[in-house]
Amino acid sequence: MRQKIVAGNWKMNNDMAETEMFLVGLKKQVLPEGVTIMIAPAFTNLNHTFQSVREHPVTVVAQNMHQSENGAFTGEVSAGMLKSVGVKTVILGHSERRSLFKEDNDVLAEKVNTALAHDMEVIFCIGEELSHRETDDHFTLIEEQLEEGLFHLSEVSWKNIIIAYEPVWAIGTGETATPDQAQEMHAFIRKTIAEKYSNSIANKVSILYGGSVKPKNAKEIFAQKDVDGGLVGGASLDVESFMAIANAFKK
Ligand code: PEP
């Protein structure tokens, strides 16, 4: 059975005091059964967050990492450093990393390899810009991101891969893909993986939707057959709205 996941990507938000306030609130909540809850704080708060939720079923996730083991890469953080503070899951290929920090599929493939070599789990983000959708190129673009970022992997590596489909035009804009649009793309992603590998692998990969997921739209999106949860930005900063999203899976 595929893992149901709700992951909060805090981006460059929440300093130490705000992180602590969130964690105090989170630890008071009854977490939904059968849903993996993940939070991705800033690098500076990973260690504290990991220690704080040690006794709770919450996965602490890094928002990025460098592809090299160590060395002269000022400002960067390695897989080994993340593992040393207990972090075993990393988001790679977020559209903000792709567009603002010019990370292309080649670099991302290297990052994926490094993370997997450290036995980490990867949330690999893919998604089209509005211009691709307007010219009907969105499926081709998604196929290319899968092929260049992930399709060099061996079958066995896929047990550590989670995909997040995040249409760029829906991130932080308040504009959400319709449930039908999300389902259509998630089914396409699964089919593309099945064709490259097998139905068995495709049916085990969790595919999350990201792009302005809110308490009011989460239920309908998560009810789609091929949607296994969400990668949530803005609405993950507040415990109440994050938990409302986590509780949106149909019983
Ligand atoms: C994200 O940052 O991955 C994201 C989906 O952001 P938002 O939910 O704010 O659109």
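Each value, and the rule that gives it
- Residues numbered from 1 in each chain as written.
- Predicted model: local features only at pLDDT ≥ 70, side-chain atom pairs only at ≥ 80, totals over all residues.
- Heavy atoms only, no water.
- Helix = DSSP H or I, 4+ residues; strand = E, 2+ residues; numbered from the N terminus.
- Rg over C-alpha atoms; globule rule 2.2 N^0.38 Å.
- Buried < 20%, exposed > 50% of the residue type's maximum accessible area, 1.4 Å probe, protein only.
- Contact = heavy atoms within 4.5 Å.
- Areas by Shrake-Rupley, 256 points an atom, 1.4 Å probe, with all protein chains shown as cover.
- Lys, Arg positive; Asp, Glu negative; His and termini not counted.
- Charge placed at Lys NZ, Arg CZ, Asp CG, Glu CD.
- Core = buried A, V, L, I, M, F, W, Y, C linked by side-chain atoms within 4.5 Å.
- Phe/Tyr/Trp six-rings, centres within 6.5 Å; stacked < 30°, edge-to-face > 60°.
- Pairing = 2+ DSSP bridges.
- Axes fitted to C-alpha atoms, helices over the stretch in contact; angles between N-to-C directions.

Check the secondary structure of the chain and you find 11 helices and eight strands. By the compact-globule yardstick of 18 Å for 251 residues, the chain fits well, its C-alpha radius of gyration being 17 Å. Projected onto its principal axes, the C-alpha positions of the chain cover 45 × 45 × 35 Å. Taken over 251 residues, the chain has a buried fraction of 55%. For the chain, restricting intrachain contacts to residue pairs at least 6 apart in sequence, the fraction spanning at least 24 positions comes to 72%. Carbon and sulfur atoms provide 51% of the accessible area of the chain, an area that totals close to 11600 Å². Averaging the coordinates of the 24 positive side-chain charges in the chain and doing the same for the 34 negative ones gives two points 7 Å apart.

Turning our eyes to something else, we now look at the nonpolar core. Of all hydrophobic cores here, the largest spans 66 residues; its most connected members are L150, W158, I163, I189 and F222. With near-sequence residues (within four places) excluded, W158 lies in contact with L150, F151, L153, I163, I193, Y197, I201 and V205. If you look at the next biggest cluster of nonpolar residues, it comprises 12 residues, including I5, I91, C125 and L231.

Our next topic: the packing of aromatic side chains. Inspection of every chain in the model, using the stated rule, returns eight aromatic pairs. Considering the side-chain rings of W10 and F22, the 4.7 Å spacing of their centres and the 70° angle between planes classify their relative orientation as edge-to-face. Placement of the pair is W10 in the loop between β1 (4–9) and α1 (16–26) and F22 in helix α1, with a sequence separation of 12 residues. Note on accessibility: W10 and F22 belong to one class, buried.

Spatially, eight strands are ordered β1-β2-β3-β4-β5-β6-β7-β8 in a closed barrel, and the strand pairing comes out parallel. On average, adjacent strands in this sheet sit at an angle of 25° to one another, irrespective of strand direction. In terms of strand pairing, strand β3 (residues 58–62) meets strand β4 (residues 89–92) through two bridges, oriented parallel. Of the residues in β4, the one forming a bridge with V61 is T89. Here helix α8 (residues 179–196) sits on the sheet in contact with β5 (121–126), β6 (161–165) and β7 (207–210), set at roughly 145° to β7.

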